[in-house]
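Overview (structure and organization)
Okay, here's what each chain looks like letter by letter:
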Amino acid sequence: MHRILWADDEIDLLKPHILFLKSKGYEVETVSNGVDALEALDRSAFSIILLDENMPGLSGLETLSRINLKHPEVPVIMITKSEEENLMNQAIGNSIADYLIKPVNPNQILLSLKKNLGSRELVKMQATNDYRQDFMQISSMIGDAHTIEDWQEVYRRLVYWELKLENTEMAEMMLSQKKEANSSFSKFVKKNYETWVTSEAHPLMSQELFKKKVFPLLDAGEKVCFVLIDNFRLDQWRTVQGLFADSFDITEELYTTILPTSTQYARNAIFAGLMPSRIAKMFPELWVDEDEDEGLNVHEEELIKTQLERYRRKEKFSYTKLNDSTAGEKFLAKINEIKDNALNVVVLNFIDMLSHARTESKMIRELANSDAAYRSLTESWFRHSSSLEVFRRMADKGFKIIITTDHGTIRVDNPIKVVGDRNTNTNLRYKVGKNLKYNPKQVYEMKDPAKFGLPAPNLSSTFIYACNEDFFSYPNNYNYYVQYYDGTFQHGGISLEEMIVPLITLSPRQR
């Protein structure tokens, strides 16, 4: 039962309201002034406070300030006869839960109580009922999905419910439906991917982002800031979207990454505007093979330059990679140096670093022990890092901002065995090698990589991809390996989370 403390110097006139609230199951204790209200709070716990503003002695606002100092966890509903805007501003500035103007009727108070005390439970209950009704429609959408646009709509709907059903009894059912969707999506990719990379009939993919999304804006006279956030999924974008809502008009699209869904391939394809095999052929000095010791994404600025030159574009551009807050602060300090550029490219690596830390650090495993926790850490980073200020400052300089990623990531939970030689790459979601042994029914295999736009370290190299929530595990020391990587976030393979990723355009609002 919720306990209400009601402080009003005319409390005797409010007996009908009190009786009404008691009939609805609330326990109500009354006082006639602010001092008594503070003493009552010191004596016992209350779920919420109804506080009159105009009381003798301590005013409502003074009482509110003292409540916030000693009992900040208790929500306060301010009730007053005054409609003065200044008073409203002061009350709202003191973090009140609601503001009601006398005379109030019992149903007004009841609505405010429900909104502040029962809203979370009511929202969960309504979401649960709505998902039950939507479940069969989503299942039909999964069964009827025959185009990438169909799958984008399925994924949007699943992400919507995943966020809506967090910490409810229906969350497991929803995640089970997402597994079903990923299984069907993997079959869809296996059936269609070769056509996508060998014909003109394909969705928007990594190698076309600049050509189809950046260059048209530049042609229209816009200045563009292209921000690539490594490992950034649609659900993570939806979690942080509210941080941008006040400053930008937002356009959300989705695009499809190439395979492998990893930085070396997908991000280099974005910046070069080419499939990986063509990068390796045209610019061999800028391509790093799997078995080389050199960093796999060390030539990104040069790749951007080759793309601009290939399209005979003369725009001045900058490239910056931000790995930590110090790099972010340095970038903010030099914004005036790049404010006249037509194009500025920024790579944010935090989420990718978080993903790898989640695998390697026991503490981060605890902090990000679920997709919901992973989203929460992403939101916290955005809110408290220099990244938001980067977006705001670039907007102030007149830039339209494109936010996207090279690939997403998936939480894996099902090991499948693969055997390879010592030259086989270490990624858990895809393998490339010349002596791979695996069950073909469990993977998507590319025995002729060139046909799929991929360079091969050897003539007999094969690419294989894990699907759904699978990850590759070696038979040697199998149990330790499985225990170590089970539940970690990985990328490189085939899933909705890895392949269908956000493409966001932020247009600054005029202030």
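Notes on the structure in this doc start here. Just so you know, these numbers come straight off a predicted model, no measurement behind them. (Residues numbered from 1 in each chain as written. Predicted model: local features only at pLDDT ≥ 70, side-chain atom pairs only at ≥ 80, totals over all residues. Heavy atoms only, no water.)

Moving on, we come to the sheet that holds strand 1 (residues 3-7). Within a sheet, neighbouring strands are paired by backbone hydrogen bonds and run either parallel or antiparallel to one another. Sheet architecture is open: five strands sit in the order 2-1-3-4-5, paired in parallel fashion. The strands lining the two open edges of the sheet, one partner per strand, are strand 2 (27-31) and strand 5 (98-101). Strand-to-strand twist in this sheet, taken as the mean axis angle between neighbours without regard to direction, amounts to 20°. As defined by bridge partners, strand 4 (residues 76-80) adjoins strand 5 across four bridges and the pair is classed as parallel. Bridged to Met78 within strand 5 is Tyr99. Relative to strand 3 (residues 48-52), helix 3 (residues 60-70) is tilted by about 155°, and along the sheet it contacts strand 3 and strand 4. (Pairing = 2+ DSSP bridges. Helix = DSSP H or I, 4+ residues; strand = E, 2+ residues; numbered from the N terminus. Axes fitted to C-alpha atoms, helices over the stretch in contact; angles between N-to-C directions. Contact = heavy atoms within 4.5 Å.)

Turning our eyes to something else, we now look at the environment of Thr128. Position of Thr128 among the secondary structure elements: in helix 5 (residues 106-144). The exposure class assigned to Thr128 is buried, which follows from its relative accessible area of 6%. A sequence separation of 37 residues divides Thr128 from Leu165, and the C-alpha atoms of the two residues are 7.0 Å apart. Aside from chain neighbours lying at most four places away, what touches Thr128 is Leu165, Thr168, Glu169 and Met170. (Buried < 20%, exposed > 50% of the residue type's maximum accessible area, 1.4 Å probe, protein only.)

Within helix 12 (residues 300-310), burial applies to Glu300, Leu303, Ile304, Thr306, Gln307 and Leu308. The inward-facing, buried residues of helix 12 abut helix 8 (209-219), helix 10 (263-272), helix 11 (276-282), strand 8 (317-322) and strand 9 (343-348). Looking one or two residues beyond helix 12, the residue adopting positive phi is Arg312, at roughly 55°.

The next subject is the packing of aromatic side chains. Per the stated rule, a full pass over the model turns up 35 aromatic pairs. Seen from their ring centres, Phe271 and Tyr319 are 6.3 Å apart, and the 85° between their planes marks the pair as edge-to-face. Of this pair, Phe271 sits in helix 10 while Tyr319 sits in strand 8, placing them 48 residues apart in sequence. By the ring-pair criterion, three or more aromatic residues cluster together here, those being Trp151, Phe185, Phe188, Tyr193, Trp196, Tyr265, Trp287, Tyr430, Tyr444, Phe452, Phe463 and Tyr465. The ring of Phe46 carries Arg3 above its face, with NZ or CZ at 4.4 Å from the centroid. The ring centre of Tyr478 lies 4.8 Å from the NZ or CZ of Lys417, which sits over that ring. (Phe/Tyr/Trp six-rings, centres within 6.5 Å; stacked < 30°, edge-to-face > 60°. Lys NZ or Arg CZ within 6 Å of the ring centre and 35° of its normal.)

One pass over the structure, following the stated rule, counts 36 salt bridges. Residue Glu300 is joined to Arg267 by a salt bridge in which the shortest nitrogen-to-oxygen separation is 2.7 Å. Taken as a pair, Glu300 in helix 12 and Arg267 in helix 10 lie far apart in primary sequence, 33 residues in all. A single burial state applies to Glu300 and to Arg267, both of which are buried. (Salt bridge = Lys/Arg side-chain N within 4 Å of Asp/Glu carboxyl O.)

Another aspect to go through is the packing of helix 2 (residues 34-43) against helix 3. Interhelical geometry of helix 2 versus helix 3 gives an angle of 15° and a closest axis separation of 10 Å. When the axes of helix 2 and helix 3 are compared, the pair comes out roughly parallel. Considering only the axes of helix 2 and helix 3, their crossing is right-handed. Of the residues in helix 3, those in contact with Gly34, Leu38, Leu41 and Asp42 of helix 2 are Thr63, Arg66, Ile67 and Lys70. Its residues placed into classes, the contact of helix 2 with helix 3 shows three nonpolar, two polar and three charged. (Parallel < 35°, antiparallel > 145°, perpendicular 65-115°, else oblique. Left-handed = near helix turned anticlockwise from the far one by under 90°. Nonpolar A, V, L, I, M, F, W, Y, C, P; charged D, E, K, R; others polar.)

In this model, Lys102 is joined to Pro103 through a cis peptide bond whose omega is -5°. Here Pro103 lies in the loop between strand 5 and helix 5. Along the chain, Leu259 connects to Pro260 via a cis peptide bond; the corresponding omega equals -5°. Within the chain, Asn167 stands out as a residue other than glycine whose phi angle is a positive 65°. Along the chain, Asn167 falls in the loop between helix 6 (148-164) and helix 7 (171-198). Backbone geometry places Asn231, a non-glycine residue, at a positive phi of 70°. Inspection of the secondary structure puts Asn231 in the loop between strand 6 (223-229) and helix 9 (234-240). Given the relative accessible area of 0%, Asn231 is considered buried.

A separate point is the nonpolar core. The tendency in soluble globular proteins is for nonpolar side chains to be buried as a group. Tyr193, Phe226, Phe244, Phe271 and Ile403 are the most contacted members of the largest nonpolar core, which totals 107 residues. Not counting the four nearest positions on each side in its chain, Phe226 is found in contact with Leu209, Phe210, Val214, Ile270, Phe271, Leu343, Asn344, Val345, Val346, Ile402 and Thr404. Residues Leu5, Ala40, Ile49 and Ile67 belong to the second largest nonpolar core, which totals 20 residues. (Core = buried A, V, L, I, M, F, W, Y, C linked by side-chain atoms within 4.5 Å.)

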